[in-house]
Each structure stands twice: as structure tokens, then as C-alpha cells.
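One-letter residues, chain by chain:
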Amino acid sequence: MRKPLVAGNWKMNGSIDSVKALIEGIKAGVGEVKNTSVAVCAPAIFIPQVQAGLQGSAVAWGGQDLSVHASGAYTGETAASMLLDFGCKYVIVGHSERRTYHGETDELVADKLEAAREAGLVPIFCIGETLDEREQGITEQVVARQISAVINKYGVAALSDSVIAYEPVWAIGTGRTASPEQAQEVHAFIRGLVAKESIEVAGRILILYGGSMKPDNAAELMAKPDIDGGLIGGASLKASDFLAICTAGG
Ligand code: PEP
């Protein structure tokens, strides 16, 4: 039985004051969340503040990106060891905004996933098709290509300690959510792909849905057999909405 995970992706939002209020709000309500793991992925600069605020609570935290390198002359980057130093459990890799605006390729994302995993972080590995790709009917080809980049280079074992987030790009930040049926179809396809390599990993891996998940659609999405929680962007910036999504998970 997979325990669902709901993870917030704050993206590039927040201030010292707003992060303080958000953390307090989440902590005040997280006791209502019974059978779902909860995490927030904060901008790197706020991670120490998040650690100080959430330490000892039921909420884990993580980064939104990491370097493939361990240390050295890589201006602006954050190493896995630095995230670990500040208590991070998770790190998002391959978010579509990084693929689109920072040119991250399937291969680089695979390398980041491995760097995270090797260091002891749990990668939240984002995959998903654009609207154009969905309309061309190649959604399955796209997600298979993104997953194969990891499996071909690092083996299915690299996924055994990871979380996958299926995020159709056309649903991210658009208010346009995949229907539970559309999402379930792709989630089942993804689990099937992993099962071809390892039935054990496929049975255990969490596959989150991301893309305009909100309090009013979360329960229906998470009720689907292969949807094991959510990666939440916009709605994770408001404690009451984020908590409502977390409680929808169980
Ligand atoms: C995301 O950024 O991962 C995301 C799912 O965003 P939103 O919930 O705002 O669509």
C-alpha cells in the first residue's frame, strides 16, 4: 500500500514574512492530515528559514533544483550536499519550467536525479507532455522518452528511491487540470513502463499528479488507483488550500 505524498512547489515566490506566515499556517493544520506525507519545496534562499520553522513537525522540505556537480566553480548552483546540510529530504528535478527556460535536457535531468539520489535526497522527477505533443497524440512517447533517459543510463534502481511527478505542461499554472481519467491513463502507462523493468519498483514508486491541482479537484484525482498524491504549485502558497489538498489525500 503506497502512502500518498503531497508536495508544494513554491517556485520563485515568497518573502521572509510570507514564508513565516505560510509555515505557521501549514503547521497549525497539518495535524488533520492522517495518511499522507506532506512536503514543501522552497526557493533555495528560504530553505534555512523553512528548516528552522518546520524542524520537528510532520512536514518535510526540499529544494526545487540541484547541480549535477558535487562542489566547485559552478556559480549560482546548489549542491545536493548543501540541501542535505539544511535538512532537505526531497528535491524537484526536471520541472518543465527548468526544461523550458533553462534548456534542461532529458540527459541532464537524469544526471541530476542520480546526483540527488546518490547523495541521499529523494528526487521528485517531473515528466510530462506539452499541449502540442498531446494534440499530436504522442504523450506516451514523450513520457517514455523522459523515463528511459534515466533507466538507460542509471538502471531502474535509480527510480526505486525516487518519486515521479506526471505534470502535463498544458495544465501547469493554467487552471486547466487533466481530468482524473486522462491523468490515470498516463499514470498507469508510466507504472507499466517501470514494471517492464521491475515489478517491485513499479508497485512501490509514488507517481504524483501535478497541474492546477486544487482543493476542489484533489480528492477525485487522488482517488484514482495510480495517482499517489500531488505536486502543487499555485495552491501551495495558501496554507488553507494546501492543507485541504493534503487532507484530500487521506
Ligand atoms: C507545478 O509547478 O509543479 C505545478 C503543478 O503548478 P500548478 O499547481 O500551479 O499548476
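This text follows the structure it describes.
About the thresholds
- Residues numbered from 1 in each chain as written.
- Predicted model: local features only at pLDDT ≥ 70, side-chain atom pairs only at ≥ 80, totals over all residues.
- Heavy atoms only, no water.
- Pairing = 2+ DSSP bridges.
- Helix = DSSP H or I, 4+ residues; strand = E, 2+ residues; numbered from the N terminus.
- Axes fitted to C-alpha atoms, helices over the stretch in contact; angles between N-to-C directions.
- Parallel < 35°, antiparallel > 145°, perpendicular 65-115°, else oblique.
- Left-handed = near helix turned anticlockwise from the far one by under 90°.
- Contact = heavy atoms within 4.5 Å.
- Nonpolar A, V, L, I, M, F, W, Y, C, P; charged D, E, K, R; others polar.
- Expected span 1.5 Å × (residues − 1).
- Near = heavy atom within 4 Å.
- Polar contact = N/O pair within 3.5 Å; in protein donor to acceptor, adjacent residues only side chain to side chain.
- Areas by Shrake-Rupley, 256 points an atom, 1.4 Å probe, with all protein chains shown as cover.
- Buried < 20%, exposed > 50% of the residue type's maximum accessible area, 1.4 Å probe, protein only.
- Core = buried A, V, L, I, M, F, W, Y, C linked by side-chain atoms within 4.5 Å.
- Arc of directions from axis to C-beta.

A. Region of the structure containing the sheet that holds strand E7 (residues 206–210). The strand order E1-E2-E3-E4-E5-E6-E7-E8 describes a closed barrel built from eight strands, whose pairing is parallel. The average undirected angle you get between the axes of adjacent strands in this sheet is 25 degrees. In the sheet, strand E2 (residues 37–41) pairs with strand E3 (residues 59–63) via four bridges, with the strands oriented parallel. Residue pairing across strands places Cys41 opposite Gly62, the latter belonging to E3.

B. Structural context of the packing of helix H1 (residues 16–29) against helix H2 (residues 47–54). Axis separation between H1 and H2 bottoms out at 10 Å; the angle between their running directions is 30 degrees. Viewed along their axes, H1 and H2 adopt a mutual orientation that is roughly parallel. Once H1 is placed against H2, the crossing between them reads as right-handed. Along the contact surface, H1 presents Ile16, Val19, Lys20, Ile23 and Lys27, while H2 presents Gln49, Val50, Gly53 and Leu54. Split into classes, the residues belonging to the contact of H1 with H2 amount to five nonpolar, two polar and two charged.

C. Focus on helix H5 (residues 106–119). The end-to-end C-alpha distance of H5, which contains 14 residues, comes to 20 Å, matching closely the 20 Å that a straight helix rising 1.5 Å per residue would cover. Tucked inside the fold, the buried residues of H5 contact helix H3 (80–85), strand E4 (90–93), helix H4 (96–101), strand E5 (122–127), helix H7 (139–154) and helix H8 (157–160). The positive-phi residue at the C-terminal boundary of H5 is Gly120, with phi of around 105 degrees.

D. Representation of the site of the ligand within the structure. As a structural note, the neighbourhood of the ligand is formed by 14 residues, with Lys11, Glu167, Gly173, Ser212 and Gly233 the closest of them. One of the side-chain nitrogen or oxygen atoms of Asn9 is found 3.2 Å away from an oxygen atom of the ligand. Contact distances for the ligand include 2.8 Å between an oxygen atom and a backbone N or O atom of Gly233. In isolation the ligand exposes 300 Å². Once the protein is present, 96% of that is buried. Of the residues belonging to the shell around the ligand, the class tally is four nonpolar, eight polar and two charged.

E. Focus on the pairing of E5. Taken across its six residues, E5 has six buried, putting it largely inside the fold. Judged by which residues are buried, E5 turns out to be covered on both faces: Val122, Ile124 and Cys126 on one side and Pro123, Phe125 and Ile127 on the other are all buried.

F. Region of the structure containing the packing of H7 against helix H9 (residues 180–197). Viewed as axis vectors pointing N to C, H7 and H9 meet at an angle of 35 degrees, and their least axial separation amounts to 10 Å. The crossing of H7 and H9 is right-handed. Residue-level inspection shows Thr139, Glu140, Val143, Ala144, Ile147 and Ile151 of H7 in contact with H9, the latter providing Val186, Phe189, Ile190, Leu193 and Glu197. Considered class by class, the residues forming the contact of H7 with H9 number eight nonpolar, one polar and two charged.

G. Broad picture of the nonpolar core. Formed by 67 residues in total, the largest nonpolar core has its most connected members in Val50, Phe125 and Leu159. In this structure Leu159 touches Leu113, Phe125, Ile147, Val150, Ile151, Val194, Val201 and Ile205, once residues within four positions along its chain are discounted. With 15 residues, the next largest nonpolar core counts Tyr90, Ile124, Leu206 and Leu231 among its residues.

H. Layout of helix H12 (residues 239–248). By the burial criterion, the buried members of H12 are Ala239, Phe242, Leu243, Ile245 and Cys246. Along the axis of H12, the buried positions cluster into a sector of 155 degrees, meaning they face one direction only. Of the surrounding elements, those touching the buried residues of H12 are strand E1 (5–9), H1, E2, helix H11 (215–222) and strand E8 (229–232). Looking at the residues trailing H12, positive phi occurs at Gly250, about 130 degrees.

I. Highlighting the side chain of Gln51. The topology assignment puts Gln51 in helix H2. Residue Gln51 is classed as buried on the basis of its relative accessible area of 16%. Residue contacts for Gln51: discarding those within four places in its chain leaves Trp61, Asp85, Phe86 and Gly87.

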